[in-house]
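Architecture at a glance
Listed here are the chains, written in short residue letters.
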Amino acid sequence: MSSVPTDLFPHPIVQAPMAGGVAVPQLAAAVSEAGGLGFLAAGYKTADGMYQEIKQLRGLTAQPFGVNLFLPQPETADPAAVGVYAHQLAGEASWYETELGDPDSGRDDGYDAKLAVLLDNPVPVVSFHFGVPACEVLDSLRRVGTYTLVTATTAEEARAVERAGADAVIAQGVEAGGHQGAHRDVPEADGSGVGLLSLVAQVRESVGIPVVAAGGIMRGGQIAAVLAAGAAAAQLGTAFVAAHESGAHALHKQALTSPLYVRTELTRAFSGRPARALVNRFLREHGPYAPAAYPDVHHLTAPLRKAAAKAGDAQGMALWAGQGHRMARELPAGQLVEVLASELAAARAALSAGDAR
Ligand SMILES: Cc1cc2nc3c(=O)[nH]c(=O)nc-3n(C[C@H](O)[C@H](O)[C@H](O)COP(=O)(O)O)c2cc1C
């Protein structure tokens, strides 16, 4: 197995791209400067918004970084269900004194325009979420010198990633915060997500390309564990939500370790696709009947989430978090990378001392 190019980033630590204003250029720059791989999240942005962030990041660091894209989504199977959900959310809209969003606000996330920008202005790394890009797309990125990664949540999806020609696969366990990057949203598969250690081992035996492990990783010892299981690097999201430079709302950062939020759940309540968040009032009330309709539901609830954040009401916000959220540390991102790297070194030393006994 080839490995992830360690000349790109000396520590095997990737800061997850986090759409919604979390993975801002300051965060990515701090991570890359510390020897991890910082990432920008192009999801929900315009192509120009993405380009401006890349320019800003290039002004902050000369180190390599990545940009993450969302794949266009197929038509929603049952548009009527979105109408019913809108009806069920009417009380939320009047409570937050706002309107619901237009569920038909687009389903391709400006994919082609963003790709055009990334081909004209190549970046070191591009990753993809919610599907597999066409072979030609991965090929054209390779031709401009970009290293490509694609998320998979099963061994079967990882094989599809390899067949398409990606350089590496991100194995995303069910513990992961935010959206599961399953290639298709299959409601029948709800509740069947694979845990990270099991997934890394399965993916490792299914493909020859390097594997980046994501989901619930908060400590260097866990990074050592996924490396020992065959991963080439670890991708951490929730751990970096809490970092000083993260653009997450202050209430989101506080909620990660607050005794008010003891559990996470995969829910469609906020976006219509399974995503892991801290269990709050909105998730509890609307999760049970939210339809499988992404990104329709994302567009529908956007004004509600915005109004809740503005009102300082964390019970109405999407508090994306992985299962390890209580172990979050509020540190400058560069320091967090250093702490993770030294925990990793200690765990590896302990493992090899164990080997020697
Ligand atoms: C706030 C938040 C936003 C996220 N947004 C994205 C995204 O835009 N693109 C993506 O590929 N993954 C996204 N993810 C998922 C991460 O890539 C990664 O799989 C996950 O954070 C790993 O689990 P952890 O949060 O427990 O570390 C997001 C995760 C979080 C917590």
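Below you will find a few notes about this structure. The residue count restarts for each chain, going from 1 along the sequence in the order it is written. Local features in this predicted model are restricted to residues of pLDDT 70 or higher, and side-chain atom pairs are both shown and tallied only at a pLDDT of 80 or more, whereas totals for entire chains, interfaces and linings draw on every residue. In computing side-chain values, all of the structure's heavy atoms are included and hydrogens and water are not.

1. Brief notes about the nonpolar core
Counting residues in hydrophobic clusters, the biggest one holds 85 residues, and the most contacted among them are V67, L69, F128, V169, I223, L236 and F240. Considering every element that reaches this core, the biggest residue donor is helix α14 (residues 333-356), with 7 residues. Only heavy atoms matter for contacts: two residues are in contact if any of them lie within 4.5 Å across the pair. Other than its neighbours up to four places away in sequence, F128 contacts N68, L69, L71, Y111, L115, P133, V137, L138, L141, L149, V150 and T151. Buried Ala, Val, Leu, Ile, Met, Phe, Trp, Tyr and Cys residues form a nonpolar core when they are joined through side-chain atoms within 4.5 Å. Any residue under 20% of the maximum accessible area for its type is buried, any over 50% is exposed, and the rest in between are partly exposed; the area is computed with a 1.4 Å probe on protein chains only. F270, V279, A290 and W320 belong to the second largest nonpolar core, which has 19 residues in total. Only runs of H or I of at least four residues qualify as helices and only runs of E of at least two qualify as strands under DSSP, and these elements are numbered from the N terminus.

2. A look at the sheet that holds strand β10 (residues 264-267)
Paired strands are those between which DSSP finds at least two bridges. Taken in spatial order, the 3 strands line up as β7-β11-β10 in an open sheet, and their pairing is antiparallel. The two strands at the open ends of the sheet, each matched to only one other strand, are β7 (178-179) and β10. Pairing of β10 with strand β11 (residues 275-278), which is carried by 4 bridges, proceeds in the antiparallel orientation. Following the sheet pairing, L266 is matched in β11 by R276.

3. Concerning the environment of Y44
On the secondary structure map, Y44 appears in the loop between β2 (38-41) and α2 (47-60). Between the alpha carbons of Y44 and G316 there is a distance of 20 Å; along the sequence they are 272 residues apart. With sequence-adjacent residues up to four places away left out, Y44 is seen in contact with A19, G20, F70, D109, K114, H179, Y294 and H298. Looking at Y44, its side chain comes within polar contact range of the side chain of Y294, at 3.2 Å. Polar contact criterion, stated in full: a pair of N or O atoms within 3.5 Å, where within protein one must be able to donate a hydrogen and the other to accept it, and residues adjacent in sequence count only if both atoms are side-chain atoms.

4. Observations regarding the side chain of T238
Tracing the backbone shows T238 in helix α10 (residues 238-241). Polar contacts involving the side chain of T238 include one to the main-chain amide nitrogen of G322, which spans 2.8 Å. Among residues more than four places away in sequence, those in contact with T238 are G177, M218, L256, A321, G322 and H325.

5. Considering the sheet that holds strand β1 (residues 13-15)
The 8 strands lie next to each other as β1-β9-β8-β6-β5-β4-β3-β2, forming an open sheet whose pairing is parallel. Each end of this open sheet is capped by a strand with a single partner; those strands are β1 and β2. Ignoring which end each strand starts from, the neighbouring axes of this sheet average 25° apart. Pairing between strand β4 (residues 125-129) and strand β5 (residues 147-152): 4 bridges, direction parallel. Counterpart to S127 in the pairing with β5 is L149. Geometry is summarised by axes, namely lines fitted to C-alpha atoms with helices restricted to the contacting stretch, and by angles between N-to-C directions that run from 0 to 180 degrees.

6. As for the packing of α2 against helix α5 (residues 111-120)
For the pair α2 and α5, the least separation of the axes is 9 Å and the interaxial angle reads 30°. Judged by the angle between their axes, α2 and α5 are roughly parallel. The interaxial crossing formed by α2 with α5 has right-handed handedness. Of the residues in α5, those in contact with A47, M50, Y51 and I54 of α2 are A113, K114, V117 and L118. An angle counts as roughly parallel when it lies under 35 degrees, as roughly antiparallel when it exceeds 145, as roughly perpendicular when it falls between 65 and 115, and as oblique in every other case. Left-handed describes a crossing in which the near helix is turned anticlockwise from the far one by less than a right angle; the clockwise case is right-handed.

7. As for helix α8 (residues 196-206)
Looking at α8, one finds that the buried residues are L196, L199, V200 and V203. Take α8 and look down its axis: the buried residues cluster within an arc of 100°, on one side only. Opposite its buried face, α8 presents the exposed residues L197 and E205, each directed more than 90 degrees away. Those residues of α8 that are buried lie in contact with β5, α7 (155-164), β6 (168-172), β8 (211-214) and α9 (220-228). Working definition: the arc comes from the directions between the helix axis and the C-beta atoms, pointing outward to the latter.

8. Here we look at the pattern of salt bridges
Here a salt bridge means any side-chain nitrogen of Lys or Arg lying within 4 Å of a carboxyl oxygen belonging to Asp or Glu. Under the criterion given, the structure shown has 12 salt bridges. Measuring nitrogen to oxygen at the nearest pair gives 3.3 Å for the salt bridge that ties D296 to R107. Of the two residues, D296 sits in helix α13 (residues 296-310) while R107 sits in the loop between α4 (90-95) and α5, which places them 189 residues apart along the sequence. Comparing D296 with R107, the two get one shared label, buried. Across the pair D185 and R268 runs a salt bridge, and its minimum N-O distance is 2.6 Å. With a gap of 83 residues between them, D185 in the loop between β7 and α8 and R268 in the loop between β10 and β11 connect regions that are remote in the sequence. With a relative accessible area of 8%, R268 lands in the buried category. A single salt-bridge network, built from bridges that share partners, covers D139, R142, R143 and D167.

9. Digging into the site of the ligand
Throughout this document, a residue counts as near a molecule or strand when at least one of its heavy atoms sits within 4 Å of that molecule or strand. Inspection of the region around the ligand gives 21 residues, with N68, Q172, G216, G237 and T238 positioned closest. One of the side-chain N or O atoms of N68 is found 2.7 Å from a nitrogen atom in the ligand. Here an oxygen atom of the ligand and a side-chain polar atom of Q172 are 2.9 Å apart. Burial of the ligand by the protein amounts to 97% of the accessible area it has alone, namely 580 Å². With a 1 Å grid laid over protein atoms only, a set of points is called a cavity when a 1.4 Å probe fits there but cannot get out and a pocket when it is open yet has protein on both sides within 12 Å along at least five of seven lines; lining residues have an atom within 4 Å of a point. Should more than half of a molecule's atoms lie within 2 Å of a pocket's or cavity's grid points, that molecule is taken to sit in it. Among the cavities detected, the one that contains the ligand is the largest pocket. Contributing elements (two or more residues each) for the shell around the ligand: β3 (65-70) and β9 (233-236). Three categories are distinguished: nonpolar for Ala, Val, Leu, Ile, Met, Phe, Trp, Tyr, Cys and Pro, charged for Asp, Glu, Lys and Arg, and polar for the others, with Gly belonging to the last. Tallied by class, the residues present in the shell around the ligand amount to 10 nonpolar, 11 polar and no charged. Under the convention used here, a 1.4 Å probe and the Shrake-Rupley method define accessible areas, while residue burial counts only the protein chains that appear.

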